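# Summary of structural features
Single-letter residue listing:
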Amino acid sequence: MPLRTSLFLALLSTSASALTLDLSAIGERVRQEHPSLKAARMVVEEARGRQLGAGRLSNPTLETSFQNESRVSPRSTIFSLDQAFPVTKRLSLEKKLSAQLVQAAELEVKDVERRYIAEAKTLAVKLLALDQHLVLHRQQMELARKLSTFAKERAAAGEVSALDAAQAQVDLQRLLLETRKMETETLSLRGALKPMLGIATKDSLALTGNLTATRLPESTAWHKRPDYQLAQTRTEAAQTEAELAKAKRWQDMSAGFFAAREQQDVTPRNTERTGFVGFRFSIPLPLWNRNQGEIAEKAASAERARLEKDSLASQITSEADTAHREMEANAALLRETRDQFLPLVLEQTHKLEKAYEAGQTDLLTVLRARDQRLELESGALDAARDFHLARIRYEAAVGKP
């Protein structure tokens, strides 16, 4: 039984794979592997399928009838063929509308891609920043462990207070708990990111990337953002639907021809045969129903689509401006923390540690200096993370591919 268990675990370990992915490759990975995107692309195929049947004439109607001879009428056979034709440009408008709906479906898929990529990049940046926080906390834990060991040895020798040794142990446990909490959060973020990248749960995922680079992106025109182009296309489609509703005021006219063959027995030996061919057409008159209801509905829909497009333009402008300001603020904060404050705190902490080892200061001062160092280093990581999160929002706002 133990042998079978070990073999099963070995098979599991060999079946799992590891993937290392750079932050810059997240977008393309989502575009290719996100399962929901594969389903969303079928919307385009559905629209193209509907386009195949748009703008076509209705099928012609073939009729035949037979009447046997009676005392008052001869035997007759009648054939007729009728075809309906629009008297307006309804068919061309239907073709135009179907093409616009295909374009709208394609833009809708692109917008879904934009949102999924932004969501995946956001998770990846948070995960990468959290991994760097863990490295920082583990370094702090190693320093705290050395300090705790040193304080315990000094306390055993009676050179420092036992309270200092206990306080050093408490600080070590605090860092350990914070590290465990971060590890749990890392598992949650990695579990949410894997399905978006098409990675199996059993497979491992490692991210690489540089969060310290805070170069502002170049300004990009947002008019090519997929959802704004989608709003424009929907506005145009709504206007086409309004024109189509007006074209439906006149129903299709019908034209066709018919032929008849008649035969009547005048005497037992004499049969008269006659026949005729004719042409007919009909035009429905828009007297009682002029499609006023649909015309009013489509006109209101076109106006609503235009207003929604204008509202989206205002929203996009605000999102892009806010994200750009956040990038600038976080980049300035990161430079100030990394280049000015952090070197001073690192130097001061190193001096205090040396002074504590020489018995020239108390442990509480050293711990307070370490907390300040950890807080500043964590603040620098948070500023770098927030810069890249704002950059993701900016690129998503302007529709940058």
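Residues numbered from 1 in each chain as written. Predicted model: local features only at pLDDT ≥ 70, side-chain atom pairs only at ≥ 80, totals over all residues. Heavy atoms only, no water.

### Here's the deal with the overall build of the chain
- Within the chain, the regular secondary structure consists of nine helices and six strands.
- On C-alpha atoms alone, the chain measures out to a radius of gyration of 39 Å, which is more than a quarter above the 21 Å that the 2.2 N^0.38 rule sets for 401 residues.
- In terms of its C-alpha atoms, the chain occupies a principal-axis envelope of roughly 145 × 65 × 30 Å.
- For the chain, restricting intrachain contacts to residue pairs at least 6 apart in sequence, the fraction spanning at least 24 positions comes to 79%.
- Carbon together with sulfur atoms contributes 55% to the accessible area of the chain, which is approximately 24000 Å² in total.
- For the chain, the separation between the mean place of its 58 positive charges and that of its 54 negative charges on side chains is 5 Å. (Helix = DSSP H or I, 4+ residues; strand = E, 2+ residues; numbered from the N terminus. Rg over C-alpha atoms; globule rule 2.2 N^0.38 Å. Contact = heavy atoms within 4.5 Å. Areas by Shrake-Rupley, 256 points an atom, 1.4 Å probe, with all protein chains shown as cover. Lys, Arg positive; Asp, Glu negative; His and termini not counted. Charge placed at Lys NZ, Arg CZ, Asp CG, Glu CD.)

### Things to note about the pairing of strand β4 (residues 204-208)
- Residue alternation in β4 divides its side chains into a buried set, Leu205 and Leu207, and an unburied set, Ser204, Ala206 and Thr208.
- Two strands pair when backbone bridges link them, and strand β1 (residues 18-22) and β4 are joined in this way by five bridges, in the parallel orientation. The residue bridging Asp22 from the neighbouring strand is Thr208, located in β4. (Buried < 20%, exposed > 50% of the residue type's maximum accessible area, 1.4 Å probe, protein only. Pairing = 2+ DSSP bridges.)

### Considerations on the side chain of His34
- Structurally, His34 is set in the loop between α2 (26-33) and α3 (35-40).
- Engagement of the side chain of His34 in a polar contact is seen with the backbone nitrogen of Ser36, the distance being 3.1 Å.
- His34 has contacts with Arg29, Tyr116 and Met196, leaving out every residue within four places of it along the chain. (Polar contact = N/O pair within 3.5 Å; in protein donor to acceptor, adjacent residues only side chain to side chain.)

### A few points about the nonpolar core
- If you look at the biggest cluster of nonpolar residues, it comprises 33 residues, and the most contacted ones within it are Ile26, Leu193, Leu197 and Leu207.
- If you list the elements that add at least two residues to this core, you get α2, α5 (90-156), α6 (162-196), β4 and α9 (363-398).
- Sort the elements by how many residues they give to this core and α5 lands first, with twelve residues.
- When sequence neighbours within four positions are dropped, the list of residues in contact with Leu207 reads Leu21, Ile26, Ala124, Leu127, Leu128 and Leu193. (Core = buried A, V, L, I, M, F, W, Y, C linked by side-chain atoms within 4.5 Å.)

### A closer look at the pattern of salt bridges
- Tallied over the full model, the rule gives 29 salt bridges.
- In this structure, Asp82 engages Arg280 in a salt bridge whose closest nitrogen and oxygen atoms are separated by 2.9 Å. With Asp82 in strand β3 (residues 75-85) and Arg280 in strand β6 (residues 270-282), this residue pair connects regions lying 198 residues apart in the sequence.
- For Arg190, the salt bridge goes to Asp131, with nearest N and O atoms at 3.6 Å. Of the two residues, Arg190 sits in helix α6 while Asp131 sits in helix α5, which places them 59 residues apart along the sequence.
- Linked through salt bridges whose partners overlap, the residues forming this network are Asp111, Arg114, Arg115, Arg225, Asp227 and Glu319. (Salt bridge = Lys/Arg side-chain N within 4 Å of Asp/Glu carboxyl O.)

### Overview of empty space enclosed by the protein
- Inspection of the entire model under this criterion finds one cavity of 30 Å³ or more.
- In terms of lining, the largest cavity is formed by Gln140, Ala144, Asp171, Arg174, Leu175, Arg370, Asp371 and Leu374.
- Listing elements by their share of the lining of the largest cavity, those giving two or more residues are α5, α6 and α9.
- Of the residues in the lining of the largest cavity, the class split is three nonpolar, one polar and four charged. (1 Å grid on protein atoms, 1.4 Å probe; cavity = no way out; pocket = protein on both sides within 12 Å on 5 of 7 lines; lining within 4 Å. Points joined across faces, edges and corners; volume = space filled by probe spheres on them. Nonpolar A, V, L, I, M, F, W, Y, C, P; charged D, E, K, R; others polar.)

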